[in-house]
Amino acid sequence: MMKVKEAFEIIKERFEKAGVDSPAFEVSVLMEDLLALPRNPEITAGETVLETEQEEKIFAAAKKREEGYPLQYIIGNWEFFGRKFFVGEGVLIPRPETELLCEAVLKFFSRKIPPKIIDLCSGSGCIAITLAKELSGASVSALELYEGAFEYLSKNNAFHGNCVKTVRGDALEAFGNFDCVVSNPPYITGKEMKELQKEVTFEPETALFGGEDGLDFYRAIAKNWFEHINSGGLIAFEIGDTQGAEVKNILLENGYLFVSVLQDYEGRDRVVTAIKP
Ligand code: GLN
């Protein structure tokens, strides 16, 4: 029989040894999610004695995490823009940087009539669902090709009141007419794919690999969707931090105007937006 604070210390130390980025935070998240304990359980519930079953459960999860398995897949959900999204193998884990992409779109449409938006390579649907929830009256579609990801998209959409229209399809095949095309497409280069952080190797390659130079999706989306964006409408991409100048050029070459490259909280290029003339 072990107390919460003892289990917490043991697992925290193991995480430190395994090179987990924020050991105490991650133990706290695991205990909160798997054992229904309050945040910072070593303080708030330190003296509570774990039942054998609970102890087995938390140590089994900790072992997986030590082996590099993502925390978000273990607990099966993650927060994005203040909302819960279900995740697991087969779908990209929402990243905090992607919130910036949502903010850029929200800002652009804040004083305009409710737009018609499509999110390409929607994955968990974190972008599409956030936009639908934050922009009242907007009509948002979420396009996803892969079955595993599409299941999470559908589940997240149901959880959030079916606020978006989910579409199974390829981002490279354009259709319809929209005021905004938004996407966080796969943008990792061939070289970077060989040097991925352990955790990221568990995420689907199809959500990561953007072709040898990482730019395949930007080229194809910019070109193929041009005629499907209404005049005065917005195209908005998340990008890798070294891709700002190249993605800007791709958009200019394809006829878009007013291209802006925006930085994330760490000062790295992260979002590119442009207007369809
Ligand atoms: N749109 C999803 C996200 O931003 C998935 C992106 C992807 O699979 N490349 O998390």
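In short, a report on the structure. Remember, predicted model here, so these are calculated numbers, not experimental data. (Residues numbered from 1 in each chain as written. Predicted model: local features only at pLDDT ≥ 70, side-chain atom pairs only at ≥ 80, totals over all residues. Heavy atoms only, no water.)

Concerning the overall build of the protein
Next, step 1: Helix and strand counts for the protein come out as eleven helices and eleven strands.
Next, step 2: Over its C-alpha trace the protein gives a radius of gyration of 21 Å, about what one expects of a compact globule, namely 19 Å for 277 residues.
Next, step 3: By principal-axis analysis of the C-alpha atoms, the protein measures approximately 65 × 40 × 35 Å.
Next, step 4: Looking at the 277 residues of the protein, the share that counts as buried comes to 51%.
Next, step 5: Once local pairs closer than 6 in sequence are excluded, the contacts in the protein between residues at least 24 apart make up 64%.
Next, step 6: Measuring between centres, the 30 positive side-chain charges of the protein sit 4 Å from its 45 negative side-chain charges. (Helix = DSSP H or I, 4+ residues; strand = E, 2+ residues; numbered from the N terminus. Rg over C-alpha atoms; globule rule 2.2 N^0.38 Å. Buried < 20%, exposed > 50% of the residue type's maximum accessible area, 1.4 Å probe, protein only. Contact = heavy atoms within 4.5 Å. Lys, Arg positive; Asp, Glu negative; His and termini not counted. Charge placed at Lys NZ, Arg CZ, Asp CG, Glu CD.)

A closer look at the site of the ligand
Next, step 1: Around the ligand, the surrounding shell consists of L92, T98, C121, S122, G123, C126, I127, N184, P185, P186 and A207.
Next, step 2: Compared with its free state, where it exposes 300 Å², the ligand has 97% of that area covered by protein.
Next, step 3: Looking at the shell around the ligand, its residues break down into seven nonpolar, four polar and no charged. (Near = heavy atom within 4 Å. Areas by Shrake-Rupley, 256 points an atom, 1.4 Å probe, with all protein chains shown as cover. Nonpolar A, V, L, I, M, F, W, Y, C, P; charged D, E, K, R; others polar.)

Some remarks on the state of the cysteines
Next, step 1: This structure, assessed with the given rule, holds zero disulfides.
Next, step 2: Counting only cysteine sulfurs, C102 is the nearest neighbor of C163, a cysteine outside any disulfide, at a range of 12 Å.
Next, step 3: Looking at C163, the relative accessible area reads 24%, which means it is partly exposed.
Next, step 4: Free cysteine C180: the closest other cysteine sulfur is in C102, separated by 10 Å. (Disulfide = S-S within 2.5 Å.)

Here we look at the side chain of Q243
Next, step 1: With respect to the element layout, Q243 can be found in the loop between β9 (229-238) and α11 (244-253).
Next, step 2: For Q243, the contacting residues outside a window of four places in its chain are Y187, D213, G214, L215 and Y218.

As for the environment of L71
Next, step 1: Mapped onto the secondary structure, L71 falls in helix α5 (residues 71-75).
Next, step 2: Owing to a relative accessible area of 3%, L71 belongs among the buried residues under this scheme.

Focus on the pairing of strand β11 (residues 269-275)
Next, step 1: Of all the seven residues making up β11, six are buried; the element is thus mostly covered by neighbouring parts of the structure.
Next, step 2: Pairing analysis gives five bridges linking strand β10 (residues 257-263) to β11, with the strands arranged antiparallel. Residue pairing across strands places Q263 opposite D269, the latter belonging to β11.
Next, step 3: Hairpin connection of β10 to β11: five residues between the antiparallel strands, including G267 at a positive phi of 80°. (Pairing = 2+ DSSP bridges.)

Things to note about the side chain of R65
Next, step 1: Of note, R65 is situated in helix α4 (residues 52-66).
Next, step 2: Residue R65 is classed as buried on the basis of its relative accessible area, which comes to 4%.
Next, step 3: A polar side-chain atom of R65 sits 2.5 Å from a polar atom in the side chain of E26.
Next, step 4: At 2.9 Å, the side chain of R65 forms a polar contact with the side chain of E199.
Next, step 5: Excluding residues that lie within four positions of it along the chain, R65 makes contacts with F15, V20, E26, P70, L71, I74 and E199. (Polar contact = N/O pair within 3.5 Å; in protein donor to acceptor, adjacent residues only side chain to side chain.)

Thoughts on the pattern of salt bridges
Next, step 1: Taken as a whole and judged by the stated rule, the model has 15 salt bridges.
Next, step 2: One salt bridge in this structure joins D213 and R219, with 2.9 Å as the shortest N-O distance.
Next, step 3: For D213, a relative accessible area of 35% corresponds to the partly exposed category.
Next, step 4: Its salt-bridge partner being D216, residue R219 comes within 3.0 Å of it at the nearest N-O pair. Placement of both R219 and D216 in helix α10 (residues 216-225) is noted, with a separation of three residues, approximately one turn of the helix.
Next, step 5: What makes R219 partly exposed here is its relative accessible area of 35%.
Next, step 6: Given the relative accessible area of 38%, D216 is considered partly exposed. (Salt bridge = Lys/Arg side-chain N within 4 Å of Asp/Glu carboxyl O.)

Structural notes on the sheet that holds strand β8 (residues 178-183)
Next, step 1: Reading across from one edge, β7-β6-β5-β8-β9-β11-β10 is the order of the seven strands in this open sheet, with mixed pairing throughout. Single-partner strands in this sheet number two, and they are β7 (165-168) and β10. Shown here is a sheet whose adjacent strand axes are inclined to one another by a mean of 15°, direction ignored.
Next, step 2: As paired elements, strand β6 (residues 139-144) and β7 share four bridges and run parallel to each other. From the neighbouring strand, L143 faces β7, where its bridge partner is V167.
Next, step 3: Contacts between helix α6 (residues 98-109) and the sheet are confined to β5 (116-120), β8, β9, β10 and β11, with β9 contributing the most and set at about 160° to the helix.
Next, step 4: Where α10 meets the sheet, its contacts fall on β5, β6, β8 and β9, and the angle it forms with β9 comes to roughly 170°. (Axes fitted to C-alpha atoms, helices over the stretch in contact; angles between N-to-C directions.)

Note that every value here comes from positions in space, so none of it alone points to a role or purpose.
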